[in-house]
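# Architecture at a glance
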Amino acid sequence: VWRPEEIVPGVANYYASTFYQGGDYNAVLVKSREGRPIKIEPNTLSSITKSGTSARAQASVLSLYDGARYKGAKQGNTPISWDKADEEVGAKLKSISAAGGKIAFFSSSIISPTTLAVLNEFKAAFPGTEHLVYDGVSYSGILDANEKSFGKRAIPSYNFAKAKVLVSVGADFLGTWVSPVEFANDYATNRKVSKDNKTMSRHIQIEAVPTISGYKADTRIPVKPSDELQAVLDLHAVIVGGGAAKNAKVAKAAEELKGAGAGNALVVAGSNDVNVQLLVNAINSALGSYGSTISWERTYNTKQGSDKALTTLVNGLNDGSIKAVLFYETNPVHTAPVKGLAEVIKKV
């Protein structure tokens, strides 16, 4: 009988929220009718995603009405109460921890301070717990390279709006790479010619597989997957020095980068090879990109995983040092390039 004062039948309510899944982050507004979320809109107050959302964020509202979603805890295929799950799992973890056994908490990148706080409480309750972070789509190469180059295991922010000449080697920054919603907004800034902006930025895409970014480029240079490393070596040879470029088109792109002037160029690479990313860091340093088109003032927390975490897990399961493992928002049996991982997990 008593209508909730915040709900008027037929009038939509909007709630600010955050979408984050698999490294895809969006600040969103959720349109709700009579308590039912029906549409995702961008939160234009966000300084990151601004007036955009990703396709995954838009589709996420459908998962709320998915009849196949779990309605509670299960043991095998048998539904059980959460109390029973907590009791059984908790008892085993306490037994392992009391005996000095190692517990692995294996997760994808966690950006929620609340979740991390709960995890810290868990680690305090069960000494011997190690948090292993692994992302199915790995950015370990660029993270490890930045740690070697700058002492920071993080991904800096990229300002595509300041880049007069941009070269991407296998990085689909408009589709999937790091923060595409943010990058698409910035990228568009210098692609629109007007009275105030009479020159358009130059975009050169070097890639093995057609991407959204490749189709938007002024010049697309197709190469074999095995030749992406050579393309970066060619850019390095022309810009930093120490050799001759083998691909004439890539060499021309390098000259354009040099001609843009200090702080006006940007090179990005999608490779997960730490050596490729080290070369890219050297190229951007030589171009004066850091402090202009690349900034360390803000870093991305959406990519924190390490390929070494997977190695630690597999070795620990094989030698028996890991006595228990909890998987959170990750499915390495599906995503990890390890044969027979499902069988190894059965050891704990």
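How each quantity is defined
- Residues numbered from 1 in each chain as written.
- Predicted model: local features only at pLDDT ≥ 70, side-chain atom pairs only at ≥ 80, totals over all residues.
- Heavy atoms only, no water.
- Helix = DSSP H or I, 4+ residues; strand = E, 2+ residues; numbered from the N terminus.
- Buried < 20%, exposed > 50% of the residue type's maximum accessible area, 1.4 Å probe, protein only.
- Contact = heavy atoms within 4.5 Å.
- Areas by Shrake-Rupley, 256 points an atom, 1.4 Å probe, with all protein chains shown as cover.
- Lys, Arg positive; Asp, Glu negative; His and termini not counted.
- Charge placed at Lys NZ, Arg CZ, Asp CG, Glu CD.
- Pairing = 2+ DSSP bridges.
- Axes fitted to C-alpha atoms, helices over the stretch in contact; angles between N-to-C directions.
- Polar contact = N/O pair within 3.5 Å; in protein donor to acceptor, adjacent residues only side chain to side chain.
- Right-handed = clockwise from strand over helix to strand, strands pointing away.
- Patch = residues over 30% accessible without salt bridge, like charges linked within 9 Å, V, L, I, M, F, W, Y side chains within 5 Å.
- Salt bridge = Lys/Arg side-chain N within 4 Å of Asp/Glu carboxyl O.
- Parallel < 35°, antiparallel > 145°, perpendicular 65-115°, else oblique.
- Left-handed = near helix turned anticlockwise from the far one by under 90°.
- Core = buried A, V, L, I, M, F, W, Y, C linked by side-chain atoms within 4.5 Å.

### With respect to the overall build of the protein
- From N to C terminus, the protein includes twelve helices and 14 strands.
- Looking at the protein as a whole, 42% of its 348 residues are labelled buried.
- Of all intrachain contacts in the protein linking residues separated by at least 6 positions in sequence, the fraction that spans at least 24 positions is 62%.
- Working note: accessible area of the protein is about 18900 Å², and carbon and sulfur atoms make up 54% of it.
- Taken together, the 39 basic and 32 acidic charged side chains of the protein have centroids lying 4 Å from each other.

### Some remarks on the sheet that holds strand S3 (residues 36–42)
- Read from one edge to the other, the open sheet built from three strands follows the order S1-S2-S3, with strand pairing classed as antiparallel. Two strands close off the open sheet at either side, each with one partner strand: strand S1 (13–21) and S3. Averaged over all adjacent pairs, the angle separating strand axes in this sheet is 40 degrees, with direction ignored.

### With respect to the sheet that holds strand S6 (residues 102–107)
- Judged by pairing direction, the sheet is parallel, and its three strands sit side by side in the order S7-S6-S14 without closing on themselves. Each end of this open sheet is capped by a strand with a single partner; those strands are strand S7 (129–133) and strand S14 (322–328). Neighbour-to-neighbour, the strand axes of this sheet turn through a mean angle of 25 degrees, independent of strand direction.
- Relative to S7, helix H3 (residues 113–125) is tilted by about 145 degrees, and along the sheet it contacts S6, S7 and S14.
- On the sheet, helix H10 (residues 307–319) packs against S6, S7 and S14 and is oriented at approximately 140 degrees with respect to S14.

### Quick look at the side chain of Glu207
- Its place among the elements puts Glu207 in strand S10 (residues 202–207).
- Assessed through its relative accessible area of 2%, Glu207 is described here as buried.
- Side chain to side chain, Glu207 and Thr211 meet in a polar contact 2.7 Å long.
- When sequence neighbours within four positions are dropped, the list of residues in contact with Glu207 reads Gly170, Gly214, Arg220, Ile221, Pro222, Val223 and Glu228.

### Section: the pairing of S7
- Bridge count for S6 against S7 is five bridges, and the pairing is parallel. Within the sheet, the bridge partner assigned to Phe105 lies in S7 and is His131.
- In this view, the connection linking S6 to its parallel neighbour S7 by way of H3 has right-handed handedness.

### Observations concerning a nonpolar patch on the surface
- A contiguous nonpolar surface patch, about 300 Å² in accessible area, is contributed by Ile38, Leu64 and Tyr65.
- Within the secondary structure layout, Leu64 lies in the loop between helix H1 (55–59) and strand S4 (74–75).

### A word on the pattern of salt bridges
- Evaluation of the coordinates by the stated rule reveals eleven salt bridges.
- Across the pair Asp144 and Arg153 runs a salt bridge whose closest N-O atoms are separated by 3.0 Å.
- One salt bridge in this structure joins Lys346 and Glu343, with 3.4 Å as the shortest N-O distance.
- Taking relative accessible area as the criterion, Glu343 reaches 51% and is therefore assigned exposed.

### Concerning the environment of Ala217
- For Ala217, the location among the structural elements is in the loop between helix H6 (212–216) and strand S11 (219–222).
- In the structure, Ala217 is positioned 125 residues away from Ala342 in sequence and 42 Å away in space, judged by C-alpha atoms.
- Setting aside anything within four residues of it in sequence, one finds Ala217 in contact with His203 and Gln205.

### Considerations on the packing of helix H7 (residues 228–239) against helix H8 (residues 248–259)
- Running from N to C, H7 and H8 cross one another at 45 degrees; their axes reach a closest spacing of 9 Å. Looking at the two axes, H7 sits oblique to H8. Read as a crossing pair, H7 and H8 show a hand that is right-handed. On the side of H7, the interface is formed by Ala231, Asp234, Leu235, Val238 and Ile239, while H8 contributes Val250, Ala251, Ala254, Glu255, Leu257 and Lys258.

### Points about the nonpolar core
- Counting 26 residues, the largest nonpolar core has Val167, Ile206, Leu235, Leu257 and Val267 as the members making the most contacts within it.
- Where this core is concerned, the elements lending two or more residues are strand S9 (165–169), S10, H7, H8, strand S12 (265–269) and helix H9 (274–287).
- Apart from the residues within four sequence positions on either side, Leu257 is in contact with Val165, Val167, Leu235, Ile239, Ala265, Leu266, Val267 and Leu287.
- Judged by nonpolar contacts, the second largest core, of 19 residues, contains Ile142, Ile155, Ala163 and Tyr300.

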